[in-house]
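# Architecture and fold: a report
Here is what each chain is made of, one letter per residue.
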Protein chains: 2
Amino acid sequence: MGNVRTANISVSLDGYSAGPQQTHENPLGTGGERLHDWVVALGAWRKRHGKDGGEANASSAVVERWQANIGATIMGRNMFGGGPGPWGDDPWEGWWGPEPPFGHPVFVLTHHAREPFTQAETTYHFITDGIEAALERARDAAGDRDVTIAGGAQTVQQYIAAGLLEEIDISIVPIFLGGGTRLFDDLGETLPRLELVEAVAGPAATHVRYSVG
Amino acid sequence: MGNVRTANISVSLDGYSAGPQQTHENPLGTGGERLHDWVVALGAWRKRHGKDGGEANASSAVVERWQANIGATIMGRNMFGGGPGPWGDDPWEGWWGPEPPFGHPVFVLTHHAREPFTQAETTYHFITDGIEAALERARDAAGDRDVTIAGGAQTVQQYIAAGLLEEIDISIVPIFLGGGTRLFDDLGETLPRLELVEAVAGPAATHVRYSVG
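Below: a short report on this structure. (Residues numbered from 1 in each chain as written. Chains lettered and ligands numbered in written order. Predicted model: local features only at pLDDT ≥ 70, side-chain atom pairs only at ≥ 80, totals over all residues.)

### Structural notes on the environment of I127 of chain A
Residue and element names in this part refer to chain A. Operational definition: For the purposes of this entry, the term helix denotes a DSSP run of H or I that reaches at least four residues, the term strand denotes a run of E that reaches at least two, and both are numbered from the N terminus. Our exposure labels follow a C-beta count within 10 Å of each residue's own C-beta, placed from the backbone: buried means 20 or more other C-beta atoms, exposed means 12 or fewer, and partly exposed covers the counts in between. C-beta atoms are first placed from the backbone for all residues, and any pair lying within 7 Å is then listed as a contact.
Relative to the assigned elements, I127 resides in strand 7 (residues 122-127). I127 sits in the buried class, given 21 other C-beta atoms within 10 Å. Counting along the chain gives 13 residues from I127 to R114, while the straight-line C-alpha distance between them is 8.4 Å. With sequence-adjacent residues up to four places away left out, I127 is seen in contact with F107, V108, L109, T110, A133, A134 and R137.

See the structure below:
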């Protein structure tokens, strides 16, 4: 069985994974897109997203590692997008268009049931019975490969608080956002133990990986 | 003129420089002493504090660097200690006893005036007219050497918000504290730009250094 890990979430030096004034139309909040400048510039990331070119540097191997060996992805409803409330007659099909970069099943945590649908190699499933049910479904789909918790912050926090996250992989980006959503907040009563597995100094982000016990 | 920099403040992965339930008697809060386990184990730190022995590892050079070339230290009243209110007839002489590890003038931000006093090589000065006045005094004392902002969090935040901090040097410790005082909070309206200068992977902490513009 693979690991349950974060999908290398980028955080500002002040700990935010999204900036202030988050909306359903702008889920990264004000300034939050700067969290991803380091990764979208990399060839290793661009290739996965069907784009040519891009840089190679010390961050490239980190990106290749976290994109590898994933059998299923779990994300929160806000990360998937589509506004509040039920899905409606013309439901949102995600931010990623007809060629999503996943290539494996994606499980979306939601309060509103919806039939699965498929875009290219990716099938989106909508899970209404909680984070444990979603993880069970994702583990079944992933087999020996890893399950990643893609975000947002609240979803990651729920998996930490439930003791289900096994590996934390984040990139610390040298910006202050000054407000927004902190990745590590509301972690619950029983704080897990961490062990530092790896730290890599990229030119525009510091990548740290921890096992969670 | 030297730099104005933090004195390598340790923070938990969730961003706290002190744990919950901080008091004047326990300024690091519950679990907060674990933030410093990585450094007190090092020979490079123990030597500065008059102790023998200790480990040497990738963190040692970081500790030697941040302890070097300091001409003055600024700290908040809570970090200096001594309880709330005026100093009284039998005033607190700091946590560091008769042989403080500083060896240079220390400027304590306080609302309550007090005459300076000296312990071994260290003279403590009490500054009641604000952070800019304290920095001016500290720069005069430091000459060509650096001024460090030792903490606590609120003091660091005030210097960032005023645009006076030039270098941030922190160690990210693989623990969750789950509450307490966040180092980077209330940073003001005008967020400074950061540039990553260095990241060093120690076995028990990740050390990052940024220039602040």
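Continuing now.
### Observations concerning the nonpolar core
Counted only if it meets this: Under the definition applied here, buried Ala, Val, Leu, Ile, Met, Phe, Trp, Tyr and Cys residues are grouped into a nonpolar core through C-beta atoms within 7 Å.
With 114 residues, the main nonpolar core has I74 and V108 of chain A together with I74 and V108 of chain B as its most contacted residues. What V108 of chain B contacts, discounting residues up to four positions off in sequence, is M75, R77, F80, Y124, H125, F126 and I127 of chain B.

### Considerations on the environment of E64 of chain B
The residue E64 of chain B is located in helix 3 (residues 58-67) in this model. With 34 residues separating them in the primary sequence, E64 of chain B and T30 of chain B have C-alpha atoms 28 Å apart.

### Things to note about helix 3 of chain B
Residues and elements named next belong to chain B. The criterion, for reference: Within this analysis, the arc is defined by the directions that extend from the helix axis to the C-beta atoms.
By the burial criterion, the buried members of helix 3 are S59, V62, V63 and W66. Seen from one end, helix 3 has its buried residues packed into an arc of 100 degrees, which puts them on one side. Where helix 3 is buried, its residues meet helix 1 (37-40), helix 2 (43-48), strand 9 (167-173), strand 11 (194-201) and strand 12 (206-212). Downstream of helix 3 by one or two residues, N69 has phi in the positive range, about 60 degrees.

### What to know about the relation of the copies chain A and chain B
This is how it is decided: Our superposition of the copies is a least-squares fit, built on the C-alpha atoms of residues whose pLDDT is at least 70 in both.
With an RMSD of 0.0 Å, chain A superimposes on chain B once it is rotated by 180 degrees and translated 0.0 Å along the axis. Taken together, the rotation and translation relating the two chain copies correspond to the operation of a two-fold axis. Proximity to the rotation axis, assessed at the C-alpha, singles out G15 of chain A in chain A; its C-alpha lies 3.3 Å from the axis.

### As for the interface of chain A and chain B
Counted only if it meets this: For this scheme, ten residues count as nonpolar: Ala, Val, Leu, Ile, Met, Phe, Trp, Tyr, Cys and Pro. Four count as charged, namely Asp, Glu, Lys and Arg, and the remainder, Gly too, count as polar.
Taken together, the contacts link 21 residues of chain A with 21 residues of chain B. For the side of chain A that touches chain B, the secondary-structure elements that each account for two or more residues are strand 11 (194-201) and strand 12 (206-212) of chain A. Among the elements that take part in the side of chain A that touches chain B, strand 11 of chain A stands out by supplying 5 residues, more than any other. The residue inventory of the side of chain A that touches chain B, partitioned by class, reads 16 nonpolar, 3 polar and 2 charged.

### Things to note about the pairing of strand 9 of chain B
Residue and element names in this part refer to chain B. Counted only if it meets this: Strand pairing is assigned whenever DSSP detects at least two bridges linking the two strands.
Among the 7 residues in strand 9, 6 count as buried, and that is most of the element. Both strand 2 (residues 9-12) and strand 9 contribute to a ladder of 4 bridges, which runs parallel. By the bridge assignment for strand 9, I9 is matched with I170. As defined by bridge partners, strand 9 adjoins strand 12 across 6 bridges and the pair is classed as antiparallel. Directly across from I168, in strand 12, lies its bridge partner Y210.

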